[in-house]
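Spelled out from the first residue to the last, the chains are:
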Amino acid sequence: MRPGVRLAVDVGSVRVGLAACDPAGVIASPLRTLVRDAEHDADVAEVAAEARERGAVEVVVGWPLSLDGSEGPAALRAVEYADKIRRSVPGVTVRLVDERLSTVDAHRALHAAGKKEKQFRAVVDQAAAVVLLQAALDAERAGHTPGRVVEGPKARRKPRHRGQGGARTPDPGATEDEG
């Protein structure tokens, strides 16, 4: 496991929970809840600023797969969000990690801590980000690489056309004089 601070992001349609770990990558802790700004991406900018400020080596984004493991609309929105973060913090790995049941686990933890349902809204996204990050850290420590890295667009090679540099391939129907 590569040492360094990691951030976790639990993306909802209204709120974004943010968590971070210590530099040794042992314990995840809640940071704050951001208001989701799908129109201007101010929340993405805040996540990127937090990553830069903390010197994060990785940002883990919750990937809400369906129970059967397929990508539904929410998972596709998370992929788009993760790509926005990747473009906002060049050089920092952005990883999508399965977050199925992280919110359920967060609710359980909040209940166990004696929180009332009304208090949940303000912190449940942070708690879900903590659950997500802790699971990723634990998986890495156990030798497993959680989720998948978000890659940028692949560089495309221009197709070579006849007559544009390089050796010409002779036309099989041409005579020696035609070339």
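Overview of the structure.

Considerations on the sheet that holds strand 4 (residues 58-63)
Item 1. Pairing is mixed in the open sheet, where 6 strands are placed in the order 3-2-1-4-5-6. At either end of the open sheet lies a strand with only one pairing partner, and these are strand 3 (28-35) and strand 6 (148-149).
Item 2. Where strand 1 (residues 6-11) and strand 4 come together, 4 bridges link them in parallel fashion. Among the inter-strand pairings, Leu7 is bridged to a residue of strand 4, identified as Val59.

Quick word on the environment of Thr93
Item 1. As for its position among the elements, Thr93 is in strand 5 (residues 93-98).
Item 2. The sequence separation of Thr93 and Arg6 amounts to 87 residues, and the corresponding C-alpha distance is 9.6 Å.

Brief notes about the pairing of strand 5
Item 1. Relative to strand 5, strand 4 is paired through 6 bridges, and the arrangement is parallel. Residue pairing in the sheet places Trp63 in a bridge with Asp98 of strand 5.
Item 2. Tracing the backbone out of strand 4, into helix 2 (residues 73-88) and back to the parallel element strand 5 gives a crossover that is right-handed.

Quick look at the side chain of Arg86
Item 1. Among the secondary structure elements, Arg86 is positioned in helix 2.
Item 2. Of note is the side chain of Arg86, whose polar atom sits 2.8 Å from the side chain of Asp83.
Item 3. When neighbours within four sequence positions are excluded, Arg86 is seen to be in contact with Val94, Val150, Glu151, Gly152 and Pro153.

What counts, and where the lines are drawn
- Residues numbered from 1 in each chain as written.
- Predicted model: local features only at pLDDT ≥ 70, side-chain atom pairs only at ≥ 80, totals over all residues.
- Heavy atoms only, no water.
- Pairing = 2+ DSSP bridges.
- Helix = DSSP H or I, 4+ residues; strand = E, 2+ residues; numbered from the N terminus.
- Right-handed = clockwise from strand over helix to strand, strands pointing away.
- Polar contact = N/O pair within 3.5 Å; in protein donor to acceptor, adjacent residues only side chain to side chain.
- Contact = heavy atoms within 4.5 Å.

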